[in-house]
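Structural description and commentary
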Amino acid sequence: MTIEDIIKKFEGSKGEHSKFVELYRDVYKFGMPERYGNIERTEKGVKATDNVFTSVFEEACDGFVQKIQSLLTPVHTPWVMLEPGEIWNNEDLQAQKDDAKDALSKISDVINTFKDNSNFDRTMSQFYYELIAGTGTLLVMPGTPEKPLRFTSIPFKDIYMVEGAFGEIDMFFRTQKIKNRLIEKQWEGAKHTYDEQEADKEIEILEATYYDYDSKEWNYEIINLKDKTSIYKKTSQTCPFVEFRWGKITGETYGRGQGLKVIADCKTLNLLKYYSLVSLSFTLPVYTVKSEDIDPERFKLSPGALNPVRDNATNNPPVSALPVNQQPDLQQYNMVQLEMNIKRGMYASTIPNDPDRKTTATEISARVNELENVASNSYGSAVEFIYKLVQRMVDVLGSFGFLELSEDQLTPNKIDGMNFKVKLNSNLTNQQAAKEVSNTLQALQFMQSLDPTMQYTSKVLDINKLAPYILERLGIKPEFIRSADEIAQIEQQEAQAMQMQQQQAMMDDVAMSNAKEEGKANAKAQVER
């Protein structure tokens, strides 16, 4: 693809992007005012809270980020766990499956170690704030040998996407301004010349990443937009940009997040707060003053204002307070209900929405289960993001030599669920695993009630497979669980030991019997003498 073609694609992606900027604007304005620069191109340090009169939505956004981060990528937790995929269930590969588990467990430890030693947790917090509006984009690039993983959350105003085959994003564009002297430091091997006097001068560049369907590789290219020249280019198996579209509508490139669902309630609440403050301010009345100099255009309806009039009612006093309704009926809008709806919509509160009555334990439990179900539905769309993220981390760590990648063993593209899969070690997956274990144990208790001796149950269930499964679901690492071969070997050793004990017991019985017979013979011989 030529530079002209890349720039043309970039220009063509601006139309839909600008529409979503408008769609997202209110979410950033009311829910993330301090991050308003992520959606609007404003100067740094600009205050964006002048027209925001309630912090409910902002606090709900904080709660959403904490909730989703703990569910998907908990802070400083080894949540990356690779394990054999479905193909390993083939009988021909069963003997090698346990060895594969141990190898993948060690690879997972390497990934988690470098992840925890990077800026991942801090960056993901910024990333999840972007996701509130609907689209989050994470840039994963090689760092240094000491810190090989470098993560960057891309503000929505800077990222442009193009949807390709099967609804997948196959082109990413990012614009930014960078100083001349920093280009070669940020992209080692970049070809960029400049005068020393312009070392600190900023130039506008375009980061273009696009998928080549023929070579099945991702191309990452840096283009100088001023002279339309390529500064840096590199290919890889995985895409440096990893997107997460919270709610995807067919035909749209970008996602729609939870923030869009509650923004109407938020704007309504903000207006009610504003008008209640305006009403409160009119406890200081608007005054009218008897005067001959009257200019209607200078009349001010603001607290404490003095406005000239020709006549002040029947008794015509020199100064009079203008009647203003200072107590509008805002209760009919049920502001508390709006606050609860916003919190619940952002997963920040699972308590039932009726504040006028006490909630029962059953209702609270139902809300907790409802949150888990809603999060589970969204969690399904997050699986794609998690797989792409892990694939990219494996690719980067492999380029530094920290992981041995080969077509015969592990490659990023083989983390596809069939060859190898990602098992998340997060709060949500742990809760789901605990439920599976609980259901299994309940089934065993039911079988025990029907079969107290468990003889029939032991014929139906393979305990040697069931016990390791339960331990794995409870989070025990595979290297701590004995394999099927090891269990069979232990059972064989126990059987041999039991057989030897039985043989020894038989030999002891024979010896004892012989001793008795010998004693009887000796006693008889003495009597005959």
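Whatever comes next refers back to the structure up there.
Nothing here was measured: the structure is a model prediction, and the numbers come from that model.

1. As for the overall build of the protein
Helix and strand content of the protein: 13 helices and 13 strands. Relative to its full complement of 529 residues, the protein shows a buried share of 40%. In the protein, the share of contacts with a sequence separation of at least 24, taken over all contacts with a separation of at least 6, comes to 65%. Accessible surface, the protein as shown: approximately 30,500 Å² in total, 51% of it carbon and sulfur.

2. Here we look at a negative patch on the surface
Among the surface-exposed residues, Asp99, Asp102, Glu479, Asp485 and Glu486 lie close enough to one another that they form a single negatively charged patch. Sorting the residues of the negative patch by element identifies α4 (94–116) and α13 (484–528) as the ones contributing at least two each. By the element assignment, Asp102 lies in helix α4.

3. Quick word on the pairing of strand β9 (residues 241–245)
Within β9, five of the five residues are buried, which leaves the element mostly enclosed by the surrounding structure. On β9, burial covers both faces: Phe241, Glu243 and Arg245 on one face and Val242 and Phe244 on the other are all buried. The pairing of strand β2 (residues 135–142) with β9 spans five bridges and is classified as antiparallel. By the bridge assignment, Leu139 is partnered in β9 with Phe241.

4. A word on the sheet that holds β9
Strand order across the open sheet formed by three strands is β3-β2-β9, with antiparallel pairing between neighbours. Only two strands of the sheet have a single partner each, and these edge strands are β3 (149–153) and β9. Averaged over all pairs of adjacent strands, the angle between strand axes in this sheet comes to 20 degrees, irrespective of strand direction. By the bridge criterion, five bridges tie β2 to β3 in an arrangement that is antiparallel. Its bridge partner being in β3, Val140 is matched across the sheet by Phe151.

5. Considerations on the pairing of strand β5 (residues 169–179)
With respect to burial, β5 is a largely interior element, nine of its 11 residues being buried. Here five bridges tie strand β4 (residues 159–163) to β5, and the two strands are oriented antiparallel to one another. Within the sheet, the bridge partner assigned to Met161 lies in β5 and is Phe172. The antiparallel hairpin formed by β4 and β5 contains five residues in its connecting segment, where Phe166 sits at a positive phi of about 60 degrees. Inspection of the sheet shows β5 paired to strand β6 (residues 202–212) by nine bridges, in the antiparallel sense. Opposite Phe173, over in β6, you have Ala208 as the bridge partner.

6. Overview of unusual backbone geometry
For residues other than glycine, phi is negative in most cases, and the peptide bonds are mostly trans. Despite not being glycine, Lys228 shows a phi value in the positive range, around 55 degrees. Note on placement: Lys228 falls in the loop between β7 (217–224) and β8 (229–236). Lys228 gets classed as partly exposed once you look at its relative accessible area, which sits at 45%.

7. Description of a nonpolar patch on the surface
Together, Phe53, Leu271, Tyr274, Tyr275 and Leu277 give the surface a local cluster of nonpolar side chains, amounting to about 470 Å² of exposed area. Note on placement: Phe53 falls in the loop between α2 (14–31) and α3 (56–72). A relative accessible area of 31% places Phe53 in the partly exposed class.

8. Things to note about the sheet that holds β4
One open sheet holds the five strands; their spatial order is β4-β5-β6-β7-β8, and the pairing between them is antiparallel. Pairing within the sheet leaves two strands with one partner each, and these edge strands are β4 and β8. With direction set aside, neighbouring strand axes in the sheet form an average angle of 15 degrees.

9. Here's the deal with the environment of Leu269
Mapped onto the secondary structure, Leu269 falls in helix α7 (residues 258–281). Sequence separation between Leu269 and Thr54 is 215 residues; the distance between their C-alpha atoms is 7.6 Å. Not counting chain neighbours up to four residues away, the residues in contact with Leu269 comprise Thr54, Val56, Met335, Leu338, Glu339 and Ile342.

Criteria and thresholds
Residues numbered from 1 in each chain as written. Predicted model: local features only at pLDDT ≥ 70, side-chain atom pairs only at ≥ 80, totals over all residues. Heavy atoms only, no water. Helix = DSSP H or I, 4+ residues; strand = E, 2+ residues; numbered from the N terminus. Buried < 20%, exposed > 50% of the residue type's maximum accessible area, 1.4 Å probe, protein only. Contact = heavy atoms within 4.5 Å. Areas by Shrake-Rupley, 256 points an atom, 1.4 Å probe, with all protein chains shown as cover. Patch = residues over 30% accessible without salt bridge, like charges linked within 9 Å, V, L, I, M, F, W, Y side chains within 5 Å. Salt bridge = Lys/Arg side-chain N within 4 Å of Asp/Glu carboxyl O. Lys, Arg positive; Asp, Glu negative; His and termini not counted. Charge placed at Lys NZ, Arg CZ, Asp CG, Glu CD. Pairing = 2+ DSSP bridges. Axes fitted to C-alpha atoms, helices over the stretch in contact; angles between N-to-C directions.

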